[in-house]
Amino acid sequence: MERHFARSFDSLDGVFAFIEEYLDAASADPSLSYPVSFAVEELFTNMVKYNADGPDRILISIEPLEEGVKVSLVDYDSDPFDANDAPPAPVDAPLADRPVGGLGLHLIKHMVDSLHYEYANRRSTVSFTRKVGSSDVRNKA
C-alpha cells in the first residue's frame, strides 16, 4: 500500500491515518503501531524540514514482512542524507552539553530492526523494517 502526502507538517494526521489503515487492513500486531508511527513521523518531518522547497509530494509505502512490516519514504528532488551516517547522539552527556538535533534519528535507529538508504537521480529513499517482538529501545549504541 502506498500514498503520496503533501510536503507539510499538516499532513501528519493523514500520515498517521494511513499507517493505521494499513495495519488494520493487514490485521497486523498492534505492537507495531507506535514504533512504526514514531519512525515515519521523524523521517517525514525531517524531509519536510530539510527539503522545504522540494516540489513534489513525499511517497510513503508499507508492505508486509513475515512478522512485521517494511516502510519506505521517498523524497523527490532532494540532496543526499543517509541517516545511518549521522553521528550518534551524545545521550550520556549532560543535557546542557548536548547539541540540538539528532535525538530523533538516534531513537529511530534503536526502534527499528533495519534502516536502509538509497539515493539516485536526486531521489532519496529511506526504508526501515520493524518486526513484532522487537524491543522498543534496543541496545545498539
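Residues numbered from 1 in each chain as written. Predicted model: local features only at pLDDT ≥ 70, side-chain atom pairs only at ≥ 80, totals over all residues. Heavy atoms only, no water.

Asks: Would you mind going over the pattern of salt bridges in detail, with residue names and values included?
Replies: Scanning the model with the defined rule gives 4 salt bridges in all. In this structure, Arg122 and Asp77 form a salt bridge, with 2.7 Å as the shortest nitrogen-oxygen distance. Residue Arg122 is found in the loop between strand E4 (114–120) and strand E5 (123–131), and its partner Asp77 is found in the loop between strand E3 (68–75) and helix H3 (103–111); the two are separated by 45 residues along the sequence. By relative accessible area, Arg122 is classed as partly exposed at 35%. (Salt bridge = Lys/Arg side-chain N within 4 Å of Asp/Glu carboxyl O. Helix = DSSP H or I, 4+ residues; strand = E, 2+ residues; numbered from the N terminus. Buried < 20%, exposed > 50% of the residue type's maximum accessible area, 1.4 Å probe, protein only.)

Asks: Explain the packing of aromatic side chains to me, and be specific about the residues and the numbers.
Replies: To describe a pair of aromatic rings, you give the distance between the ring centres and the angle between the ring planes. Enumeration according to the criterion identifies 2 aromatic pairs in this entry. Aromatic pair Tyr34 and Phe38: ring centres 6.0 Å apart, planes at 40°, arrangement tilted. On the criterion of helical spacing, the pair formed by Tyr34 and Phe38 is a turn pair, its members being 4 residues apart in helix H2 (residues 33–50). (Phe/Tyr/Trp six-rings, centres within 6.5 Å; stacked < 30°, edge-to-face > 60°.)

Asks: Give me the side chain of Asp75: which residues, what numbers.
Replies: Residue position: Asp75 is located in strand E3. Contact partners of Asp75, with chain neighbours within four places excluded, come to Arg7, Met47, Asn51, Ile58, Arg122, Arg123 and Ser124. (Contact = heavy atoms within 4.5 Å.)

Asks: Let's hear about the confidence of the model for the protein chain: which residues, and what values?
Replies: For the protein chain, per-residue confidence averages 86 on the pLDDT scale, and residues scoring 70 or more make up 81% of the total. Note that residues 137–141 has pLDDT below 50 and, in this model, 9 contacts with residues that lie over four places away or in other chains. (pLDDT = per-residue confidence, 0-100.)

Asks: Tell me about the sheet that holds E5, and please be specific about residues and values.
Replies: Consider a sheet: its strands pair through backbone hydrogen bonds, and that pairing is either parallel or antiparallel. Pairing is antiparallel in the open sheet, where 5 strands are placed in the order E1-E2-E3-E5-E4. On the outer flanks of this sheet lie strand E1 (2–5) and E4, each paired with one strand and no other. For this sheet, the mean inter-axis angle between neighbouring strands, taken without regard to orientation, is 15°. In this structure, E4 lies alongside E5, joined through 7 bridges in antiparallel fashion. (Pairing = 2+ DSSP bridges. Axes fitted to C-alpha atoms, helices over the stretch in contact; angles between N-to-C directions.)

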